[in-house]
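Survey of secondary and tertiary structure
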Amino acid sequence: MALMSHPKRRLLGLLAAASALPLAGVAHAQEAQDQTTVEVVTITAQKRAQPLQDAPLAVTALTERTLDQMGGSELKDFAAAVPGLELQSNRAGETRTSIRGISEIGGGAPSVGVYVDEIPLSTFTAEGVNLKTFDVERLEILRGPQGTLYGEGSLGGTIRIITNKPNSHDFSARADLTGSQTEGGGFNSEANLMVNAPLVDGKAAVRATIMWRDTPGWIDNPTLGLHGINDEKSFTGRLAARITPTDRFTVDGVYIRQEVKSGGPSSGDSQYRHAAGTVESRDDNFDLWNLTGTYRFDFATLTSATGYFKRDSFSSNDFTSIAPLLSFLFATPISAARITRPNDQEVFTQEVRLVSNGDGPLAWTVGAFYKRDHLVIANSAITNPVLPVSVYELNVDETAKQGAVFGELDYRFTPKLHGVLGLRYFSEDRDIKSTIGGLLPLVLSGASANNLPVSSSVNKTTAKLSIYYQANDRILFYGTASSGFRAGGINPNAFLFAGAPTSFGPETLWNYELGAKTSWHDNRLVINVALYDIQWDDVIVNANSGDPLFSYSVNAGAAHSRGVELEVVATPVRGLELNFAGNYTDAEIDSVSPIGATPPAASPGAKLPFVPAYKVHGGVQYSFPVTGSLTGRVRADVSHTAKTYSAIDNAAAGVNDDYTKVDLRASLMGDRWELTAFVVNLGNVRGELAATAPGESLLIEPRTTGLTLRTRW
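Residues numbered from 1 in each chain as written. Predicted model: local features only at pLDDT ≥ 70, side-chain atom pairs only at ≥ 80, totals over all residues. Heavy atoms only, no water.

Okay, the overall build of the protein chain next. Along the backbone of the protein chain there are five helices and 38 strands. A principal-axis box enclosing the C-alpha atoms of the protein chain has dimensions of 80 × 70 × 45 Å. Burial status across the protein chain gives 56% buried among its 713 residues. Long-range pairs, those at least 24 residues apart, make up 68% of the contacts in the protein chain between residues at least 6 apart in sequence. Here the protein chain carries 61 positive and 75 negative side-chain charges, and the mean point of each set is 3 Å from the other. (Helix = DSSP H or I, 4+ residues; strand = E, 2+ residues; numbered from the N terminus. Buried < 20%, exposed > 50% of the residue type's maximum accessible area, 1.4 Å probe, protein only. Contact = heavy atoms within 4.5 Å. Lys, Arg positive; Asp, Glu negative; His and termini not counted. Charge placed at Lys NZ, Arg CZ, Asp CG, Glu CD.)

Turning next to the sheet that holds strand β3 (residues 59–63). Pairing between sheet strands relies on hydrogen bonds along the backbone, with the strands arranged either parallel or antiparallel. Overall, mixed pairing links the five strands, which are arranged β3-β8-β9-β6-β7 in an open sheet. Looking along the sheet, the strands with just one partner apiece sit at the ends: β3 and β7 (119–120). Taken together, the seven bridges between strand β8 (residues 136–143) and strand β9 (residues 157–163) define a ladder with antiparallel strand orientation. Paired with L139 across the two strands is I161, which belongs to β9. (Pairing = 2+ DSSP bridges.)

In this sheet, strand β27 (residues 525–542) lies alongside strand β26 (residues 507–520) in antiparallel orientation, the contact comprising 13 bridges. The partner of A516 across the bridge, within β27, is V529. Here β26 folds back onto β27, and the loop between the two strands holds four residues, one of which, H521, carries a positive phi near 50°. Where β27 meets strand β28 (residues 553–570), 16 bridges bridge the pair, whose relative direction is antiparallel. Paired with V539 across the two strands is G557, which belongs to β28.

Our focus in this paragraph is the sheet that holds strand β37 (residues 696–699). In space, the three strands of this open sheet follow the order β15-β37-β36, with antiparallel pairing throughout. In this open sheet, the two edge strands, each paired with only one partner strand, are β15 (267–268) and β36 (688–693). Where β36 meets β37, four bridges bridge the pair, whose relative direction is antiparallel. For A691, the partnering residue across the bridge sits in β37 and is S697.

As a further point, take the environment of K165. Along the chain, K165 falls in the loop between β9 and β10 (172–182). K165 sits in the partly exposed class, given a relative accessible area of 24%. Residues K165 and I490 lie 325 residues apart in sequence; the distance between their C-alpha atoms is 41 Å. Once residues lying within four places of it in the same chain are set aside, the contact partners of K165 are D117, N196, R207, R242 and D252. One polar contact links K165 to D117, side chain to side chain, over a distance of 3.1 Å. (Polar contact = N/O pair within 3.5 Å; in protein donor to acceptor, adjacent residues only side chain to side chain.)

On to a nonpolar patch on the surface, then. Taken together, L514, L531, V564, L566, F580, Y584, Y614 and V616 make up a surface patch of nonpolar side chains, about 670 Å² in accessible area. Here L531 is to be found in strand β27. (Patch = residues over 30% accessible without salt bridge, like charges linked within 9 Å, V, L, I, M, F, W, Y side chains within 5 Å. Areas by Shrake-Rupley, 256 points an atom, 1.4 Å probe, with all protein chains shown as cover. Salt bridge = Lys/Arg side-chain N within 4 Å of Asp/Glu carboxyl O.)

Next up, the structure:
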């Protein structure tokens, strides 16, 4: 039997290849065994380096050590351990993200900002990129609006992926190989490699990272006779260079290329079957360039961050629901239909900021930001057999330009009491042209819309006011009021509905928050808690048009999201680490204002979609000596997510049941290697994330068992 045809032989081959790699470098096994206090983490969430426990805001920081020990390769693999963070990832490059119940109910802009180092990734609604987490220094998840320092799009919060930077002093390398088997699927393989090479000692270095993954999929389509339709292949390459001509001056350049191919969505019925009449594949590729320079003056540090993000994707979505109508209109049996959608996006960003140095009573940050975003989307319906006329066409060409200035002041009134004031003023101009046509719009309205131009200009100021009290070096209390903003958009289908608006405006919110960060027993126990009340205005929702094919969005609601978040980390004895993360959220529509021809698909008291009333995660990890040179480690992660609703109308067909997920890992570590056996979703539970079709839901991955071999030198 050929090697590639047998899962076990493929896994053994991967492990054998890894064992042949050079094994010389820094040991991490003894560090894990000797862990006696909670790891001290330095973050840059407020644009300056500071210990996590000294930052007066709700932020979760997952270090490279934590990510390695939990396992996983994407942000969604760690979302359960972050209070208030929810992710629904359907296909390649289709990830909907929400924090504290704030998500994209309607509209075309993201509600959570995503950054790689200094560069924002501006994406379409529910089309966030699936970024890989290998060779990253840490993940920072900022909860609550970050309108001052991060601006538009950080309505619910901000996610920052901080990559490891090149080291100009020492050569190092790392290789991770993983083989696993998924229930109802096939053999999954993953290979990651990092090489860091100094060029000039203390002055220049490069770092290259490669990530490759192949998963066969575990959803079947009996209609088409296909197995594993949600298969995925991905490649990510990252090349970074760092130059430090002097101790004061640093230049970082990064290029990232990611290619992901998905055969179909990860949604199915109780038997993991998807009933689409066509193949729903998606290709998603992006290039990211980042050039950041920092110069440290005596009084402040100047940073310039230039970014360029280019993304192109091509997706196919089943549209067979229109087949009966087309069969009637043309007296020809139409068996299937699909919509193809190529998207192209180019984003240029530039930020310049100055951050104060020193220990005086006033700390400050000032800066300016510019962004130009150009997006082209094309939709085209294709039938089987192909009809002699166009069925449905939609083309959108959008250009947005934004300029902003921002600043934040932190003044120390007394040695313990601080006040923070932040402001951001930005101006944005949007120009959008859309063309819609084809048989369906003509039948539904008797007309088509060509070159429908919509222009808008928005000037907005977001603010932050915070007071915090450093009771001692172990306890910090803070209170914050902060605002956020999300852009509006257009309704290309408006002409189909009498009185429907051709565009909709932005939405805003205010977040009121109280929090405490505490450390106890010589930093063996850390307890952080935050209470918040978010008032959300001009919420963008979809109108209840009654048309199963087309709709439009309006600013028609007010909502709230109130809750409490708790994070606990403890190291009671040597080698034992316990962690807990949980949140309770009450997120509902407060009022609805009918706009246009039809009322919104919402009513007061409705729960906001994709927001569980509570979510809890607990982890326990124990490291212990096996022999003089070997260390063992066992880890268990348990999470429970309450039921959610998939739509703003809270329809029974869109209820996603609660579920509990258990992951287990066992590792054997030497000075230069680590071998881990793992089981993800031990109980093989069918966790529902979102209803996608009658009787079908977006599902979590079934039970997956595998091995990972990690080497460093």
